[in-house]
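# Understanding the architecture of this molecule
Chain residues, written in single-letter form:
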Amino acid sequence: MHDDCKAMCNEFVAKYCREDDSSATASSVGSFFDGTLAAVLRGLNAAGLAVGDFWTWVPVILQLIAAIGPKIEQIIQLIRDAIQQGLHPKDLMALHEG
């Protein structure tokens, strides 16, 4: 992933995915992250995905949004299942491309 995108992801996570702050909402997110992406990242955070790992899943999240639409709970579940199965982002996308 491009370093600029990784930096934006890290900035987003630092600002909107803190465990001690439930006041940040998807609607308060800037233009790079739309509400769907923000909601998925917050859902993954709540599901226990390490904050430092968010940026590795952003391309997958974007591709899943493009493929299945803004089905936040379904996307979160797909990623959670993949992580539990020991899959990496590229592995999950290979499953959905075929």
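Further up the page is the structure itself.
Now for a description of the structure that goes with this document. (Residues numbered from 1 in each chain as written. Predicted model: local features only at pLDDT ≥ 70, side-chain atom pairs only at ≥ 80, totals over all residues. Heavy atoms only, no water.)

### Remarks on the nonpolar core
Within the largest apolar cluster, 22 residues are counted, with the highest numbers of intra-cluster contacts made by Leu41, Leu44, Trp57, Ile61, Leu64, Ile79 and Leu92. Elements supplying a minimum of two residues to this core: helix H1 (3-16), helix H2 (35-47), helix H3 (54-68), helix H4 (72-84) and helix H5 (89-97). In terms of residue count, H3 provides more of this core than any other element does, seven residues in total. In contact with Trp57, other than residues within four places in its own chain, are Leu49, Ile79, Ala82, Ile83, Leu87, His88, Pro89 and Leu92. (Core = buried A, V, L, I, M, F, W, Y, C linked by side-chain atoms within 4.5 Å. Buried < 20%, exposed > 50% of the residue type's maximum accessible area, 1.4 Å probe, protein only. Helix = DSSP H or I, 4+ residues; strand = E, 2+ residues; numbered from the N terminus. Contact = heavy atoms within 4.5 Å.)

### Some points on the environment of Cys9
Its place among the elements puts Cys9 in helix H1. Along the sequence, Cys9 and Phe54 sit 45 residues apart, while their C-alpha atoms lie 7.3 Å from each other.

### Let's talk about H3
The first and last C-alpha atoms of H3 sit 20 Å apart over 15 residues, in line with the 21 Å expected at 1.5 Å per residue. Listed in full, the buried residues belonging to H3 are Phe54, Trp57, Val58, Val60, Ile61, Leu64 and Ile65. Two residues or fewer past H3, Gly69 is found with a positive phi of approximately 90°. (Expected span 1.5 Å × (residues − 1).)

### Points about H4
Since the α-helix packs 3.6 residues into each turn, any two residues three or four apart lie on the same face. The terminal C-alpha atoms of H4, which comprises 13 residues, lie 18 Å apart, in line with the 18 Å expected from a rise of 1.5 Å per residue. Within H4 the residues assigned to the buried category are Ile75, Ile76, Ile79 and Ala82. Burial along H4 is one-sided: seen end-on, the buried residues are contained in an arc of 130°. For H4, exposure combined with an orientation more than 90 degrees from the buried face picks out Glu73 and Gln84. Following H4 by one or two positions, Gly86 adopts a phi angle in the positive range, close to 80°. (Arc of directions from axis to C-beta.)

Function cannot be read off these values alone, since they describe shape.
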